[in-house]
Amino acid sequence: MSHHKFAKQIHERDNYTCVYCNLDGKLSYINYRMLTLDHLKPKAYEENNSIENLITACFICNQFKGHFYPEYAKTQKDVFNEIRKHIKTQLSFDFKKYISDVKKFI
Ligand SMILES: [Zn+2]
């Protein structure tokens with residue numbers, strides 16, 4: 001969990017659920033501990049720590065989203081859809097890399 005002073009407020013607003021994959025932080029303590037704060041528009045674009053730019057994301061989505069942000073997306077819905085697509089792609093790259101690494105040893 002983040003130490004941002006509004007973390008609790010942000011997680012409550014987002015119903016303790018990852019905005020990208022819907023991981024429910026209320027289901028278990030492990031899930032709860034998976035929740036982080038993500039800068040919707042990454043710091044690389046602008047330092048924006050406003051509550052509007054901070055959202056609840058699980059650790060995995062946060063990691064795989066990285067600094068991605070679809071600036072071309074017109075609506076908020078499109079922004080989220082593009083980010084979800086990006087996370088999915090990154091996850092599958094990582095999984096393929098993992099499989100090829102493992103194959104070196106088996
Ligand atoms: Zn997630």
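Residues numbered from 1 in each chain as written. Predicted model: local features only at pLDDT ≥ 70, side-chain atom pairs only at ≥ 80, totals over all residues.

Engineer: Explanation requested: the environment of Lys 85 in the structure shown.
Structural biologist: For Lys 85, the location among the structural elements is in helix α4 (residues 76-103). With 20 residues separating them along the chain, Lys 85 and Lys 65 place their C-alpha atoms 9.5 Å apart. (Helix = DSSP H or I, 4+ residues; strand = E, 2+ residues; numbered from the N terminus.)

Engineer: What is the right way to look at the pairing of strand β1 (residues 35-39) in this model?
Structural biologist: Regular strands place side chains that alternate from one sheet face to the opposite one. By the criterion of burial, β1 is predominantly enclosed, with five of the five residues buried. Covered by surrounding structure in β1 are Leu 35, Leu 37 and His 39 together with Thr 36 and Asp 38, the residues of both alternating faces. Relative to strand β2 (residues 54-58), β1 is paired through five bridges, and the arrangement is antiparallel. Within β2, the residue paired with Leu 37 across the bridge is Thr 56. (Buried ≥ 20, exposed ≤ 12 C-beta atoms within 10 Å, placed from the backbone. Pairing = 2+ DSSP bridges.)

Engineer: Hey, could you run me through the pairing of β2 in this one?
Structural biologist: Burial runs high along β2: five of the five residues are buried. What you see with β2 is no split at all: Leu 54, Thr 56 and Cys 58 on one side and Ile 55 and Ala 57 on the other are buried throughout.

Engineer: Just to check I follow, could you spell out the nonpolar core for this structure?
Structural biologist: A general feature of soluble globular proteins is that nonpolar side chains tend to end up buried together. In terms of nonpolar packing, the biggest core is built from 13 residues, with Cys 18, Tyr 20, Ala 57, Cys 58, Cys 61 and Ile 87 touching the most fellow members. Elements supplying a minimum of two residues to this core: β1, β2, α3 (59-65) and α4. When residues in this core are grouped by element, the largest group, four residues, is from β2. The residues touching Cys 61, leaving out its near neighbours within four places in the chain, are Cys 18, Tyr 20, Cys 21 and Ile 87. (Core = buried A, V, L, I, M, F, W, Y, C linked by C-beta atoms within 7 Å. Contact = placed C-beta atoms within 7 Å.)

Engineer: Can you help me understand unusual backbone geometry in this one?
Structural biologist: Backbone geometry follows two general trends: most residues other than glycine have a negative phi, and most peptide bonds adopt the trans configuration. The phi dihedral of Asn 15 falls on the positive side, at around 55°, and the residue is not glycine. Relative to the helices and strands, Asn 15 resides in the loop between α1 (7-13) and α2 (29-34). Located in the positive-phi region is Asn 22, a residue other than glycine, with phi close to 70°. Tracing the backbone through its elements, the reader meets Asn 22 in the loop between α1 and α2. Note on Asn 22: 10 C-beta atoms within 10 Å, which makes it exposed.

Coordinates in, geometry out; function isn't part of it.
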